[in-house]
Number of protein chains: 2
Amino acid sequence: MPTSPLPSDLAIARAAHLEPIAEVARAAGIPEQRLEPYGRHVAKIDLAAVRDLADRPSAKYVVITAITPTPLGEGKTTTAVGLAQGLSVLGHRATLALRQPSMGPTFGIKGGAAGAGYSQVLPMEQLNLHLTGDFHAVTAAHNLLAAMVDNHLHHGNELELDPRSVAWRRVLDVNDRALRNIVEGLGARIDGVPRQSGFDITAASEVMVILGLSTSLRDLRERLGRIVVGFTYAGRPVTADDVKAAGAMAVILKDALKPNLLQTTENTPVLVHTGPFGNIATGNSSVVADQLAIHTGDYLLTEAGFGSDMGAERFFNVKCRVSGLRPDAAVLVATVRSLKAHSGNYRVVAGKPLPPEMLHESPRAVRAGADNLRRHIEIVRSFGVSPVVAINAFPSDFDSEHAVIREVAEAEGAHVAVSTHVVDGGKGARDLAEAVVAACGEQHEFRYTYELDDTLREKIEAVARTVYGADGVDFSPTAAKDLERFEVLGYGGFPVVIAKTHLSISSDPTLRGAPKGWRLPVREVRAAAGAGYVYAISGEMRTMPGLPRNPAAASIDLDDDGEVVGLF
Amino acid sequence: MPTSPLPSDLAIARAAHLEPIAEVARAAGIPEQRLEPYGRHVAKIDLAAVRDLADRPSAKYVVITAITPTPLGEGKTTTAVGLAQGLSVLGHRATLALRQPSMGPTFGIKGGAAGAGYSQVLPMEQLNLHLTGDFHAVTAAHNLLAAMVDNHLHHGNELELDPRSVAWRRVLDVNDRALRNIVEGLGARIDGVPRQSGFDITAASEVMVILGLSTSLRDLRERLGRIVVGFTYAGRPVTADDVKAAGAMAVILKDALKPNLLQTTENTPVLVHTGPFGNIATGNSSVVADQLAIHTGDYLLTEAGFGSDMGAERFFNVKCRVSGLRPDAAVLVATVRSLKAHSGNYRVVAGKPLPPEMLHESPRAVRAGADNLRRHIEIVRSFGVSPVVAINAFPSDFDSEHAVIREVAEAEGAHVAVSTHVVDGGKGARDLAEAVVAACGEQHEFRYTYELDDTLREKIEAVARTVYGADGVDFSPTAAKDLERFEVLGYGGFPVVIAKTHLSISSDPTLRGAPKGWRLPVREVRAAAGAGYVYAISGEMRTMPGLPRNPAAASIDLDDDGEVVGLF
């Protein structure tokens, strides 16, 4: 495929025609009186709109996921945007639901995250910076709880909270490794109780997941109240309600529960809402956004973080349980470079260019990595949902390489299409859109990996075997004991989230393709009692990123006209 | 005065008729295309509006200050709101400029800060919570710089920054004493460089002052670049530009530089913008808000924090120098309770009710505290500005007590009026409005306390003697040496801010009235090279508040209809 002389993302974004946001809402059937504008091109949607739209027909519901990505990412958001535009080109009304990007990493390795080329979410500066302040609200609510906990310890500790048991850290939306581990409460007697603690990035906050899973303001308030901050000396959980913080937290988060409406380069409506971490949390956008958007058109596309073993597994087993919505199809974004990487013969590093030899024409290298694609198709099928393989085309790809992916996908009985949405916008995603329409029209019956009344151990084992293809799970003695304790504490009915690397279907980030003959080690388990799940930790999970030697922030600035440069 | 059966602030706020914000802007002459709505009743104003309005006549410029307040505050904001409404009742077009309240203290002792009764700023929930996210932007920009500094130390410290010299702490808008003193960078080698540091409240950030003093986006960018984060081992300053953080900080703050438009209970326009700390920083709302609002009507009222020795002194000597605007009058808010407190015979404690004996009729007790009022009138006169004493009437006041204040003020040649704006709205501030109109009509010539080419020592001494009435200044050896060093480093031309208690005109918070025969001790001096001033620290300055035993947060919640309760 020849390379096209494509203008920069920034140039395309600035040249794009944006509709007034009320017009985008109107086209989606959202009444104007439910909009709270934030500038001219972003609006929050009052949750009363969910009731307004309740009698309208439900859209087909499609989750956008991926095969196991390289550390560079495979353009899942961009493909989701392109596909939404492609469905519009076919004459369908499509709405897209995305997670809000975290601001911290924007100043680290990553730069902005708003799609690419002619498949972007706009306005991209707002999207990548504060948007409507939801992340800031999560930070404020989370840290108010932390302050209330330490204040309780300071003023006599009536609840007999064991300071060493306090698991509620603080959060900031900044990549700051120096805050990972701190000692706080130093100084004089009036400066609090000294103890070890630390900061996570805001996207890793349980408050973020709660915001993403709540179905109403009341549900939000109740989930916040159930957050467990630590345990008494006698081992009883101490909650946010116990330290009287949850009401004020709900007040801080009141507006943050309203989804944000933006648009694509081709004016397709996009709901951007919540950004829970993809490895320790659910990695999906909000339940309320999907509950609203399901009544706004013919197709609702919702993106889930990382590969189908990660965000999509939680989409199916956690988010869909809470929302009550049933997916019709799953799009697996695949790229030539990711399949080549799964051959195990190349080394791809975040923040570095691809090894040049990966750009040579090599259908053989693509085929050598095809097991990963096959496994993800199986994962999607395990949920009873129709798989569609989206080949996200890069200028450096060759037709012979696309042909291999197509052949593998078809051999598995999956729909498949090449999409050139980055270069061509919605027109380039026309084939993909047709494949998605066909998949949604097929007979399918959605099912979970496990039932809620299975034990926590059984749920973790079911995900490990059915989704990851592991031979079983090895629980550490502590993890096994804690799982029993969680059943006693009443968390046994929760679904599970397994915190593992996203760079392999297995728990070992160095294993490419579809690893076989391995067991999932579970070192530690924790309960997110407010969000309502138990998570099992397999491997090293970093919840506060650091900045690289040359952070993106160093090149971001205002030009002489006050315009942002270097963000993309 | 009989007590009136006044509805609660919340009931009055909910019953108030709010104009669409575009209508409020139109009445003030601000073109609609310069508005960026944030919900229906708040808008940011693009700074291009400053140019749009430049040819319109300038309003009379009135600073709202106070006598030395009790720890409960004396209703300065409320009086400012009432006066703006009173001027409108007289047929003048008035605009009000206020600082944004800090969210942290709202959850501590304080509760909301939006005026009271029929003199409130609306919508009060937005005002007291996130508003348009400006404080959050300051937090994010400040902490990005902190992360960049620690990242520089982590990745080899090319600039040879001495870690022990790093004075740039982190900030959060939460009352959290446990963060005052921390050790960060603990853990493994990849978790940063261990060092002592801590957190201040966001309002205490130099970034907040910079936002308040910048006259344009370019000026903001340059001031951010000049922030000094620490010194090299050789003693040279290391700036935000040196660690390449200032461009990204400016990008984060781009929208925060735009003033926020709200309205009063009677639909008078209010610009709410920036909230720098009153004791270590300037304690004034933004320069850009005043530069814009000076062309929006007949009168611009701008509030300065604490008493005239504090916020107003910095308003005159720092803010007016930067803005180029010249004040016409100063309103000194006085209350019966504050004058009684200055008698030295009562003990008023923050967060506690007044001692009941303060509510007995006692013109004698008021007279016993009158020296404080006399001294504040002298302070205002020292700047060549006409003083107006505003008696903010409380239901518990007696006419005999108001008569004493009136007598004292008139004996000093000041204008004076009783104002019942809390109970009566603008109509109750009619007399006060007439007094302000009269004061602005008088001959006056504004002057500073010192010239910029005086030495830093001379400037500090001038404020201490002329404004505080001290006999002189005692510099510690370190402070004296640092002042010399600052002259060498090029900070000699900066104005000065003296960080001292606001509870006395002196530096001793226990001294009531108008203390005489004392000298100002200066323990330490610091340069805020980005904001552009040197500050001298006299006494203990707390830059991170703590929560009380029973914080306001514990009573704040959502009711069954999702409405906020307990915030006021």
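- For chain A, an unreviewed UniProt entry supplies the name Formate--tetrahydrofolate ligase and the organism Pedococcus cremeus.
- UniProt's Pathway (unreviewed entry) comment on chain A is quoted here verbatim: "One-carbon metabolism; tetrahydrofolate interconversion."
- Under the Sequence similarities (unreviewed entry) heading, UniProt states for chain A: "Belongs to the formate--tetrahydrofolate ligase family."

## A few points about the overall build of chain A
Logical step 1: A count of helical and extended segments in chain A gives 20 helices and 25 strands.
Logical step 2: By the compact-globule yardstick of 24 Å for 568 residues, chain A fits well, its C-alpha radius of gyration being 23 Å.
Logical step 3: In terms of its C-alpha atoms, chain A occupies a principal-axis envelope of roughly 70 × 55 × 50 Å.
Logical step 4: Burial status across chain A gives 64% buried among its 568 residues.
Logical step 5: The contacts in chain A between residues at least 6 apart in sequence include a share of 75% that link residues at least 24 apart.
Logical step 6: For chain A, the computed accessible surface area is about 19,500 Å², with 50% contributed by carbon and sulfur atoms.

## Details of the pairing of strand β4 (residues 94–98) of chain A
Residues and elements named next belong to chain A.
Logical step 1: For β4, the tally of buried residues reaches five of five residues, placing the bulk of the element in the interior.
Logical step 2: In this sheet, strand β15 (residues 299–303) lies alongside β4 in parallel orientation, the contact comprising four bridges. Bridge pairing links L96 to L301 in β15.
Logical step 3: Pairing of β4 with strand β14 (residues 269–272) involves three bridges; the strand directions are parallel. Counterpart to L96 in the pairing with β14 is V270.

## Details of the sheet that holds strand β22 (residues 524–528) of chain B
Residue and element names in this part refer to chain B.
Logical step 1: Strand order in this open sheet of three strands is β20-β23-β22, and the pairing throughout is mixed. Each edge of the sheet is formed by a strand with only one pairing partner; in this case those strands are β20 (496–499) and β22. Averaged over all pairs of adjacent strands, the angle between their axes in this sheet comes to 25°, without regard to strand direction.
Logical step 2: With four bridges joining them, β20 and strand β23 (residues 533–537) adopt parallel strand pairing. Across the sheet, the residue bridging to V497 is Y535, located in β23.

## Section: the domain arrangement of chain A
All names here are of chain A.
Logical step 1: What the domain assignment lists for chain A is domain 1 (135–248) and domain 2 (456–537).
Logical step 2: Using C-alpha coordinates to define each centre, domain 1 is positioned 25 Å away from domain 2.
Logical step 3: Listed as interface residues are 10 residues of domain 1 and, on the opposing side, eight residues of domain 2.
Logical step 4: Roughly 690 Å² of surface becomes buried between domain 1 and domain 2 when both sides are summed, with 57% attributable to carbon and sulfur atoms.
Logical step 5: At the boundary of domain 1 and domain 2, one finds zero salt bridges.
Logical step 6: Viewed at the interface, domain 2 and domain 1 are joined by four residue pairs in polar contact (both at pLDDT 80 or more).
Logical step 7: Of all elements in the fold, only α8 (206–213), α9 (217–226) and β11 (228–231) reach the threshold of two or more residues within the side of domain 1 that touches domain 2.
Logical step 8: The biggest single contributor to the side of domain 1 that touches domain 2 is α8, with four residues.
Logical step 9: Of the residues that constitute the side of domain 1 that touches domain 2, the class distribution is seven nonpolar, no polar and three charged.

## Let's talk about the interface of chain A and chain B
Logical step 1: Taken together, the contact between chain A and chain B spans 67 residues of the former and 67 residues of the latter.
Logical step 2: Regarding the contact of chain A and chain B, the summed buried area is about 5,700 Å², with carbon and sulfur atoms giving 63% of it.
Logical step 3: Between E125(A) and K254(B) there is a salt bridge whose closest N-O contact spans 3.5 Å.
Logical step 4: Mapped onto the side of chain A that touches chain B, the elements with two or more residues apiece are β1 (35–37), α7 (134–154), β7 (170–172), β8 (182–184), α9, α10 (246–253) and β24 (557–558) of chain A.
Logical step 5: No other element matches α7(A), which puts 10 residues into the side of chain A that touches chain B.
Logical step 6: The residue inventory of the side of chain A that touches chain B, partitioned by class, reads 33 nonpolar, 15 polar and 19 charged.

## Description of the pattern of salt bridges
Logical step 1: For the coordinates displayed, the defined rule picks out 64 salt bridges over all chains.
Logical step 2: The closest approach of N and O atoms between R223(A) and D219(A), which form a salt bridge, is 3.1 Å. Pair noted here: R223(A) and D219(A) are both in helix α9, with a separation of four residues, about one helical turn.
Logical step 3: For R223(A), a relative accessible area of 10% gives the class buried.
Logical step 4: With its nearest N and O atoms 3.9 Å apart, the salt bridge here joins R374(B) to E412(B). Taken together, the residues R374(B) in helix α15 (residues 370–382) and E412(B) in the loop between α16 (399–411) and β18 (415–419) connect sequence positions 38 residues apart.
Logical step 5: Judged by its relative accessible area of 25%, R374(B) falls in the partly exposed class.
Logical step 6: Each of D150(A), R170(A), E184(A), R195(A) and D176(B) takes part in a single network of salt bridges with overlapping partners.

## Here's the deal with the environment of E266(B)
Residue and element names in this part refer to chain B.
Logical step 1: With respect to the helices, strands and loops of the structure, E266 is situated in the loop between β13 (260–264) and β14 (269–272).
Logical step 2: Judged by its relative accessible area of 35%, E266 is partly exposed.
Logical step 3: In this structure the C-alpha to C-alpha distance between E266 and L18, which are 248 residues apart in sequence, comes to 8.1 Å.

## Considerations on the sheet that holds strand β22 (residues 524–528) of chain A
Hydrogen bonds along the backbone pair up the strands of a sheet, which may run parallel or antiparallel.
All names here are of chain A.
Logical step 1: Sheet architecture is open: three strands sit in the order β20-β23-β22, paired in mixed fashion. Whereas interior strands pair on both sides, the edge strands pair on one side only; in this sheet they are β20 (496–499) and β22. Geometrically, the sheet is characterised by an average inter-axis angle of 25° between neighbouring strands, direction not taken into account.
Logical step 2: Judged from the five bridges that link them, β22 and strand β23 (residues 533–537) form a sheet pairing that is antiparallel.

## Side note on the side chain of D328(B)
Residues and elements named next belong to chain B.
Logical step 1: The topology assignment puts D328 in the loop between α12 (308–323) and β16 (329–334).
Logical step 2: Buried D328, no salt bridge; nearest opposite-charge side chain is K60, N-O distance 4.5 Å.
Logical step 3: Within the structure, D328 has its side chain in polar contact with the side chain of H444 (distance 2.9 Å).
Logical step 4: Beyond its immediate stretch of four places on either side in the chain, D328 contacts A59, K60, Y61, V385, S386, A439, C440 and H444.

## Comments concerning the relation of the copies chain A and chain B
Logical step 1: In screw terms, the move from chain A to chain B is a rotation of 180° and a rise of 0.0 Å along the axis, fitting with an RMSD of 0.0 Å. Accordingly, the operation relating the two chain copies is best matched by a two-fold axis. When C-alpha positions in chain A are compared against the rotation axis, the closest is assigned to Y38(A), at 2.2 Å.
Logical step 2: Take the interface residues of chain A: 100% of them recur as interface residues in chain B, which is what a same-surface contact looks like.

## Thoughts on the packing of helix α8 (residues 206–213) of chain B against helix α9 (residues 217–226) of chain B
Residues and elements named next belong to chain B.
Logical step 1: Put simply, α8 and α9 touch, their axes get as near as 9 Å, and they point 150° apart. In terms of their interaxial angle, α8 and α9 are classed as roughly antiparallel. Helix-helix and strand crossings are classified by hand; for α8 and α9 the assignment is right-handed. Note on element contacts: α9 touches α8 through D219, L220, R223 and L224, opposite V207, I210, L211 and L213.
Logical step 2: The residue inventory of the contact of α8 with α9, partitioned by class, reads six nonpolar, no polar and two charged.

## Some details on unusual backbone geometry
All names here are of chain A.
Logical step 1: Following L122, the chain continues to P123 via a peptide bond in cis, the omega torsion being -5°.
Logical step 2: Tracing the backbone shows P123 in the loop between β6 (119–122) and α6 (124–128).
Logical step 3: The residue T274 is not glycine, and still its phi comes out positive at about 65°.
Logical step 4: Note that T274 resides in the loop between β14 and α11 (287–293).

## Observations concerning the packing of aromatic side chains
Logical step 1: Overall, the coordinates contain 18 aromatic pairs over all chains when judged by the stated rule.
Logical step 2: Measuring from centroid to centroid gives 4.1 Å for F316(B) and F383(B), while their planes differ by 25°, and the two rings are stacked. With F316(B) in helix α12 and F383(B) in the loop between α15 and β17 (386–392), this residue pair connects regions lying 67 residues apart in the sequence.
Logical step 3: With a relative accessible area of 0%, F383(B) lands in the buried category.
Logical step 4: With a centroid separation of 5.6 Å and an interplanar angle of 5°, the aromatic rings of Y491(B) and F494(B) are classed as stacked. For the pair Y491(B) and F494(B), a shared accessibility class is recorded, and that class is buried.
Logical step 5: Three or more aromatic residues link up through ring pairs in this structure, and these residues are Y61(A), F315(A), F316(A), F383(A), F446(A) and Y448(A).

## Here's the deal with the UniProt feature "binding site: ATP" (unreviewed entry) in chain A
Residues and elements named next belong to chain A.
Logical step 1: The residues that UniProt annotates with the feature "binding site: ATP" (unreviewed entry) are T70, P71, L72, G73, E74, G75, K76 and T77.
Logical step 2: For G73, the location among the structural elements is in the loop between β3 (60–66) and α4 (76–89).
Logical step 3: We classify G73 as partly exposed; its relative accessible area is 25%.
Logical step 4: Apart from the residues within four sequence positions on either side, K76 is in contact with I64, T65, A66, R99, E303, A304, G305, F306 and V333.

About the thresholds
Residues numbered from 1 in each chain as written. Chains lettered and ligands numbered in written order. Predicted model: local features only at pLDDT ≥ 70, side-chain atom pairs only at ≥ 80, totals over all residues. Heavy atoms only, no water. UniProt positions renumbered as here; feature names shortened; annotations may be inferred. Helix = DSSP H or I, 4+ residues; strand = E, 2+ residues; numbered from the N terminus. Rg over C-alpha atoms; globule rule 2.2 N^0.38 Å. Buried < 20%, exposed > 50% of the residue type's maximum accessible area, 1.4 Å probe, protein only. Contact = heavy atoms within 4.5 Å. Areas by Shrake-Rupley, 256 points an atom, 1.4 Å probe, with all protein chains shown as cover. Pairing = 2+ DSSP bridges. Axes fitted to C-alpha atoms, helices over the stretch in contact; angles between N-to-C directions. Domains from an automatic or database assignment. Buried area = accessible area lost by both parts, 1.4 Å probe. Salt bridge = Lys/Arg side-chain N within 4 Å of Asp/Glu carboxyl O. Polar contact = N/O pair within 3.5 Å; in protein donor to acceptor, adjacent residues only side chain to side chain. Nonpolar A, V, L, I, M, F, W, Y, C, P; charged D, E, K, R; others polar. Lys, Arg positive; Asp, Glu negative; His and termini not counted. Least-squares fit on C-alpha atoms with pLDDT ≥ 70 in both. Parallel < 35°, antiparallel > 145°, perpendicular 65-115°, else oblique. Left-handed = near helix turned anticlockwise from the far one by under 90°. Phe/Tyr/Trp six-rings, centres within 6.5 Å; stacked < 30°, edge-to-face > 60°.

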